[in-house]
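# Coordinate analysis (summary)
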Amino acid sequence: MKKQQRDKLLISFFKKKEIYKKLAEYIVRLISDDPSAPKESIHTILYRIKGESRLIEKIEQKNAGSESDKDLVTHKNFDERIADLIGIRIICLRLSDIVKVEAYLKFLVEEKILQFIQGPDYKRSFVLPIDPGKAAPQDISFQYSGYSSIHYQIRLGDNSDAGDAFKKIQIELQLRTILEEAWGEIDHKYRYRYSRIGEPLPEHIHSGFYNLSAYLQAAAMQAEQLCREVEAYRASRRLTSNGKNRLSISSEHGVDEKTNGFADQLTVPPALKTVLEETFGFKVTDRTLAYIMRRLNKLGYTQRSKRFFQTMFKKSRLNDFQTIFQEVLNRDPFKDTKTINIDIINAVNFALFDEIEGSMVAKEGLRSTLKWRKDRSWR
């Protein structure tokens, strides 16, 4: 690349770098602050902005394979042609956590908060073709899958509360377990970066890293099985204490029935669904329903009667909620489609606190939550 072209690219990149950083921080905060996100399944959320030297290197590689000037990446189009300028990485402890986070991401897409451009791409994920706890067949083929992650290309959707300029920028979102993260970080520092620049390493070093990947794949499956056994043991003790002595710990898909995916919490009692629609005047989204069901499950409220739910969302309680909401946020709840689900979650939590802890605690808790929400709102 000629110096003049390189300078133009870098100047354009540096001018936009702060925008990329703000968008990355917005995505991280969107998930971290969302009450309906499966936080128990997310260990860490990280982001990075591609470094300038790696950007130039990638552009030179792309341009070297271009068949015409129209295909060239330039300072005018690089942020449209380079899909991983911004990288978001969600790290989970367990393989089953990946399923829950994927379901949550699909909910965000259904509500047009995010948009999938491409993916999910599973080609780089762990590839042991057996379920936890099952013996490996004698003729099993262990294939090395290399750098391991589930990859998505995303951008913000129409219903996100960010500015329109941010909605045009692509983001690479990676989803992986903490063991995949460990292998990826070691491999990147001690093997990949040298291979990328053409510095040869002995074949036995490459083989050693491939073997390490296989070991960690097996460790990930073992970790998942152990976690399920702990959950099954604790659940069986609870059932035994209630006079029951049987518990099915696995389904045909190899997922614990008591700790199934994020989307599987949507067996909503008809009484609750009816009351929610009557109370708020519209159908609550699946993402919000999943959150409400998690909250009610913890409290043992899911099988209550319609009358109980009507009392929980009684008019006087919702009037108190609306008064405090207007006082703190200076607007009415349930009016803005971009924030309506968070409004409902706040209302549900207020009703539950009022039911359990009493009015004074519930009101102060709501004020605290809304003030925090106001301070963290997108600017």
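You'll find the structure just up there.
Residues numbered from 1 in each chain as written. Predicted model: local features only at pLDDT ≥ 70, side-chain atom pairs only at ≥ 80, totals over all residues. Heavy atoms only, no water.

Our next topic: the nonpolar core. A general tendency of soluble globular proteins is for nonpolar side chains to be buried together. Ranked by internal contacts, the top residues of the largest apolar core, which has 43 residues, are I27, F78, I86, I88 and I90. Put simply, the parts of the chain that give this core at least two residues each are α1 (3-33), β1 (44-49), α2 (52-64), β2 (86-92), α4 (95-110), β4 (150-156) and β5 (171-177). With eleven residues, α1 is the single largest residue contributor to this core. Beyond its immediate stretch of four places on either side in the chain, I88 contacts A24, I27, V28, I45, L46, Y47, I171, E172, L173 and Q174. Residues L272, F280, L352 and L370 belong to the second largest nonpolar core, which totals 34 residues. (Core = buried A, V, L, I, M, F, W, Y, C linked by side-chain atoms within 4.5 Å. Buried < 20%, exposed > 50% of the residue type's maximum accessible area, 1.4 Å probe, protein only. Helix = DSSP H or I, 4+ residues; strand = E, 2+ residues; numbered from the N terminus. Contact = heavy atoms within 4.5 Å.)

This structure, assessed with the given rule, holds 25 salt bridges. Between R287 and E111 there is a salt bridge, with its nearest N and O atoms 2.7 Å apart. Taken as a pair, R287 in helix α8 (residues 286-299) and E111 in the loop between α4 and β3 (114-121) lie far apart in primary sequence, 176 residues in all. The burial state of R287 is the same as that of E111; both residues are buried. A cluster of three or more residues bridged by salt bridges with shared partners is formed by R48, K50, K58 and D84. (Salt bridge = Lys/Arg side-chain N within 4 Å of Asp/Glu carboxyl O.)

Right, let's get into the sheet that holds β5. Sheet strands line up and pair through hydrogen bonds in the backbone, either parallel or antiparallel. A sheet is described by the order of its strands in space; here five strands give the open sequence β1-β2-β5-β4-β3, paired in mixed fashion. The sheet terminates laterally at β1 and β3, the two strands that pair on one side only. Taken over all neighbouring pairs, the strand axes of this sheet differ in orientation by 20° on average, direction set aside. Two strands pair when backbone bridges link them, and β4 and β5 are joined in this way by five bridges, in the antiparallel orientation. From the neighbouring strand, H151 faces β5, where its bridge partner is Q174. The sheet strands contacting α1 are β1, β2, β3, β4 and β5, and the helix crosses β1 at an angle near 170°. (Pairing = 2+ DSSP bridges. Axes fitted to C-alpha atoms, helices over the stretch in contact; angles between N-to-C directions.)

Looking at the element boundaries, D161 is found in the loop between β4 and β5. For D161, a relative accessible area of 37% puts it in the partly exposed group.

This part is about the environment of I27. As for its placement among the helices and strands, I27 is situated in helix α1. C-alpha separation for the pair I27 and R155, spaced 128 residues apart in sequence, amounts to 9.7 Å. Beyond its immediate chain neighbours, meaning those up to four positions away, I27 contacts I88, L114, L156 and I171.

Right, let's talk about the packing of aromatic side chains for a bit. By the definition in use, this model includes twelve aromatic pairs. When the ring of F13 is compared with that of Y20, the centres are 6.2 Å apart and the planes differ by 40°; the resulting orientation is tilted. The class for F13 is buried, based on a relative accessible area of 0%. For the pair F321 and F350, a centre-to-centre distance of 6.1 Å together with 45° between the ring planes defines the contact as tilted. Of this pair, F321 sits in helix α10 (residues 315-329) while F350 sits in helix α11 (residues 340-357), placing them 29 residues apart in sequence. Both residues of the pair, F321 and F350, belong to the buried class. Aromatic ring contacts, followed pair by pair, group F280, F282, F313, F321, F325, F334 and F350 into a single cluster. (Phe/Tyr/Trp six-rings, centres within 6.5 Å; stacked < 30°, edge-to-face > 60°.)

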